[in-house]
Amino acid sequence: MPSKQKTKGSGYERDVAKFLTNLYNENFIRTIGSGAFIGGVNKSRTSYLTEEQTRSHKGDVTPPPSFKYANIECKFYQDFPFHKLFTGDAAQLDTWIEQTLDVEDEGDVNIIFMKFNRRGQYVAYQKKSGIPTDKALHYRNEWYVIEFNTFFDNYQEDFKIACSPKEV
């Protein structure tokens, strides 16, 4: 039987997938194994998997083909030391960033959806994604943190464009 924390995290991954599915009218699904299949010590598997197989096992949410470059992680925790964002020393966020970057492929839009009990939902994303940063808090060299609804109210289309396959 899975732990309470694992069940909580899996539920949030499904909630994010459902939210994105409804928002974009495309099928996002919770990744089987939530990225563990090719992350961390299993990174070597990417050497023999096809691009499609790799993309379908990375991150916590598997996007549809029109969001080819979305690398999505989801985190649901009891609390978060928000004051650490201002000092650039949020160790928990740093760990999540490392985990996200561990499965990154060239051109990926790395994004972390975060939910905290009685604190709300937030999004962390990289400046290199091309998604505007004018309403977000700057963190470290190139990461930004923004409230979840503010992100989608303002950057819904920017997120889709950033994740779309590039025309050659």
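For the structure itself, consult the block above.
Values in this document were obtained by computation on a predicted structure and should not be read as measured data.

**Q** So what's going on with the pattern of salt bridges? Which residues, and what values?
**A** As enumerated under the stated definition, the model contains seven salt bridges in all. Across the pair Asp-79 and Arg-119 runs a salt bridge, and its minimum N-O distance is 3.2 Å. Highlighted residues: Asp-79 in the loop between strand 3 (70–77) and helix 3 (84–87) and Arg-119 in the loop between strand 4 (109–116) and strand 5 (120–126), separated in sequence by 40 residues. Judged by relative accessible area, Arg-119 falls into the partly exposed class, the value being 45%. A salt bridge links Glu-104 to Lys-128, with the nearest nitrogen and oxygen atoms 2.5 Å apart. Here the residue Glu-104 occupies a position in the loop between helix 4 (91–102) and strand 4, and Lys-128 occupies one in the loop between strand 5 and strand 6 (137–139), the gap between them amounting to 24 residues. Its relative accessible area of 24% is what places Glu-104 among the partly exposed residues.

**Q** For the nonpolar core, give the residues involved together with the corresponding values.
**A** If you look at the biggest cluster of nonpolar residues, it comprises 28 residues, and the most contacted ones within it are Leu-20, Phe-113, Tyr-125, Phe-151 and Phe-159. Put simply, the parts of the chain that give this core at least two residues each are helix 1 (4–24), strand 3, strand 4, strand 5, strand 7 (143–147) and helix 5 (148–163). Leaving out residues up to four positions away in the same chain, Tyr-125 has contacts with Asn-110, Ile-111, Ile-131, Pro-132, Thr-133, Ala-136, Glu-142, Trp-143, Tyr-144, Ile-146, Phe-151 and Tyr-155. Ranked by size, the runner-up nonpolar core spans 14 residues in total, among them Leu-85, Met-114, Tyr-139 and Trp-143.

Conventions we followed
Residues numbered from 1 in each chain as written. Predicted model: local features only at pLDDT ≥ 70, side-chain atom pairs only at ≥ 80, totals over all residues. Heavy atoms only, no water. Salt bridge = Lys/Arg side-chain N within 4 Å of Asp/Glu carboxyl O. Helix = DSSP H or I, 4+ residues; strand = E, 2+ residues; numbered from the N terminus. Buried < 20%, exposed > 50% of the residue type's maximum accessible area, 1.4 Å probe, protein only. Core = buried A, V, L, I, M, F, W, Y, C linked by side-chain atoms within 4.5 Å. Contact = heavy atoms within 4.5 Å.

So, to be careful, I would describe these as geometric facts and stop short of saying anything about function.
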